[in-house]
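# Remarks on the overall topology
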Amino acid sequence: MIDPIWVKAVVKALVLPPTGPLLVALAGIALLGRHPRGGRVLAAAGVTLLLALSMPVVSGALTQWVSVAPALVPEQAKAAQALVILGGGTRRDAVEFGGDTLGRLTLERVRYGARVARQTGLPVLVTGGSVLGGEPEAKLMREALEHEFGVPVRWAEARSRTTHENAVFSAEVLREAAIERVVLVAHGMDMRRAMAEFTQQGIGVIPAPTVIAGDGPAVPLDFLPSMGGLQGSYYALYELLANAVLAMARATR
């Protein structure tokens, strides 16, 4: 039986940039012989879309669109009973670390989560399993928090492979500890979906987003394509699609 996680990974790779727009352009090139006008339109659309999504000004706008939660005000955390930090991926076989380590997104969350933990004194739960093999995210997150940031971790949920499972399995742990409301650390761009998943499990959420999209004025370099811009668009479009899927799933229940 095919693992749904692998199916999801393949679909993401084919639909999101850069592959999605490139496939549109290639389809246009393939049509040039039979339908020259339509082929040119498709090819131009694919290339234009890829260039646009590579611009930081576009990726920034998409990220702001998908982000909903403002920065955490420490006083808000007084109503919470625990701090939950979501995993965001690992870096496999990192030679300099002698094995798997935290990916960039997870490290950003762990670093900010350590800050919030010190500010609030809340007990910490880390959540994230082994998505495509390797060490579970929660294990690596616990090691980093305790040994590098000096923050103790009370619970490590290492079974989940999706945000939905993060919420389901974390809620089981939290309910056993009689915890009903948490401060939730994730990126600003995926906080909407993370909050919805935890709320659906009956856990109240106080959002603590990190890497919050800014709204400062654009500079000339923001209009030039870059790998950073393309990556930002990739994450933002993924969240837009994931939120749409979540909304459709709710509508069919």
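Above this note sits the structure.
Described in the following lines is the structure provided in the data block. These numbers come from a predicted model, not from an experiment.

Turning our eyes to something else, we now look at the overall build of the chain. If you tally the helices and strands in the chain, you get nine helices and seven strands. The buried share of the chain, reckoned over its 253 residues, is 41%. Excluding contacts between residues fewer than 6 apart, the proportion of contacts in the chain whose partners are at least 24 apart in sequence is 70%. Only carbon and sulfur atoms are counted for the fraction: they give 62% of the accessible area of the chain, which is about 13500 Å². The averaged location of the 21 negative side-chain charges in the chain is 7 Å from the averaged location of its 24 positive side-chain charges.

Let us now look at the nonpolar core. In this structure, L72, L83, I85, V124, V126, L145 and V183 are the most contacted members of the largest nonpolar core, which totals 25 residues. Of all the secondary-structure elements, those providing two or more residues to this core are β1 (82-86), α5 (104-120), β4 (124-127), α6 (137-147), β6 (181-187) and β7 (204-210). One finds A167, A186, A194 and I203 within the second-largest nonpolar core, a separate group that totals 18 residues.

For the coordinates displayed, the defined rule picks out one aromatic pair. Between Y234 and Y235 the ring centres are 5.6 Å apart and the planes differ by 75°, which places this aromatic pair in the edge-to-face class. With relative accessibility at 23%, the residue Y234 sits in the partly exposed group. On the basis of relative accessible area, Y235 is assigned to the partly exposed category, the value being 22%. The lysine or arginine in question, R159, covers the ring of F169, its NZ or CZ lying 3.9 Å from the ring centre.

Quick look at the sheet that holds strand β5 (residues 155-157) now. Strand order in this open sheet of five strands is β5-β4-β1-β6-β7, and the pairing throughout is parallel. Edge positions in the sheet fall to β5 and β7, since each of these pairs with one other strand and no more. Strand-to-strand twist of the sheet, defined as the mean angle between neighbouring strand axes without regard to direction, takes the value 20°. When β6 meets β7, the two strands line up parallel, connected through seven bridges. Across the sheet, V182 pairs through a bridge with V205, a residue of β7.

Moving on, we come to the layout of surface pockets. Roughly 1000 Å³ of internal volume is contained in the largest pocket. Along the walls of the largest pocket sit 35 residues, with K12, G88, G89, V131 and E137 positioned nearest its centre. For the lining of the largest pocket, the secondary-structure elements that each account for two or more residues are α1 (4-15), β2 (90-94), α5, α7 (163-176) and α9 (227-251). It is α9 that contributes the most residues to the lining of the largest pocket, five residues altogether.

Attention shifts here to a nonpolar patch on the surface. Side chains of I2, V7, V10, V11, L14, V15, L23, L26, I29, L32 and L241 sit close together on the surface and give an oily, nonpolar patch of about 980 Å² of accessible area. Counting only elements with at least two residues in the nonpolar patch, the list comes to α1 and α2 (19-31). With five residues, the single largest contributor to the nonpolar patch is α1. Here V7 is to be found in helix α1.

To continue, consider the pattern of salt bridges. Note on pairing: side chains with opposite charge can pair once their charged atoms come close. If you walk through the whole model with that rule in mind, you get 10 salt bridges. Put simply, R161 and D3 hold a salt bridge, and the shortest N to O gap is 2.8 Å. With a gap of 158 residues between them, R161 in the loop between β5 and α7 and D3 in the segment before α1 connect regions that are remote in the sequence. We note a salt bridge from R193 to E239, for which the minimum N-O separation is 2.7 Å. Taken as a pair, R193 in helix α8 (residues 191-200) and E239 in helix α9 lie far apart in primary sequence, 46 residues in all.

Here we come to the packing of α5 against α6. Where α5 contacts α6, the axes come no closer than 10 Å and their chain directions differ by 40°. Put simply, α5 runs oblique to α6. Between α5 and α6 lies a crossing of right-handed hand. Contacts between α5 and α6 involve T106, V110 and A114 from the first element and M141, A144 and L145 from the second. Each residue belonging to the contact of α5 with α6 can be placed in one class, and the counts come to five nonpolar, one polar and no charged.

Rules and cut-offs
- Residues numbered from 1 in each chain as written.
- Predicted model: local features only at pLDDT ≥ 70, side-chain atom pairs only at ≥ 80, totals over all residues.
- Heavy atoms only, no water.
- Helix = DSSP H or I, 4+ residues; strand = E, 2+ residues; numbered from the N terminus.
- Buried < 20%, exposed > 50% of the residue type's maximum accessible area, 1.4 Å probe, protein only.
- Contact = heavy atoms within 4.5 Å.
- Areas by Shrake-Rupley, 256 points an atom, 1.4 Å probe, with all protein chains shown as cover.
- Lys, Arg positive; Asp, Glu negative; His and termini not counted.
- Charge placed at Lys NZ, Arg CZ, Asp CG, Glu CD.
- Core = buried A, V, L, I, M, F, W, Y, C linked by side-chain atoms within 4.5 Å.
- Phe/Tyr/Trp six-rings, centres within 6.5 Å; stacked < 30°, edge-to-face > 60°.
- Lys NZ or Arg CZ within 6 Å of the ring centre and 35° of its normal.
- Pairing = 2+ DSSP bridges.
- Axes fitted to C-alpha atoms, helices over the stretch in contact; angles between N-to-C directions.
- 1 Å grid on protein atoms, 1.4 Å probe; cavity = no way out; pocket = protein on both sides within 12 Å on 5 of 7 lines; lining within 4 Å.
- Points joined across faces, edges and corners; volume = space filled by probe spheres on them.
- Patch = residues over 30% accessible without salt bridge, like charges linked within 9 Å, V, L, I, M, F, W, Y side chains within 5 Å.
- Salt bridge = Lys/Arg side-chain N within 4 Å of Asp/Glu carboxyl O.
- Parallel < 35°, antiparallel > 145°, perpendicular 65-115°, else oblique.
- Left-handed = near helix turned anticlockwise from the far one by under 90°.
- Nonpolar A, V, L, I, M, F, W, Y, C, P; charged D, E, K, R; others polar.

These results come straight from atomic positions and should not be treated as a statement about function.
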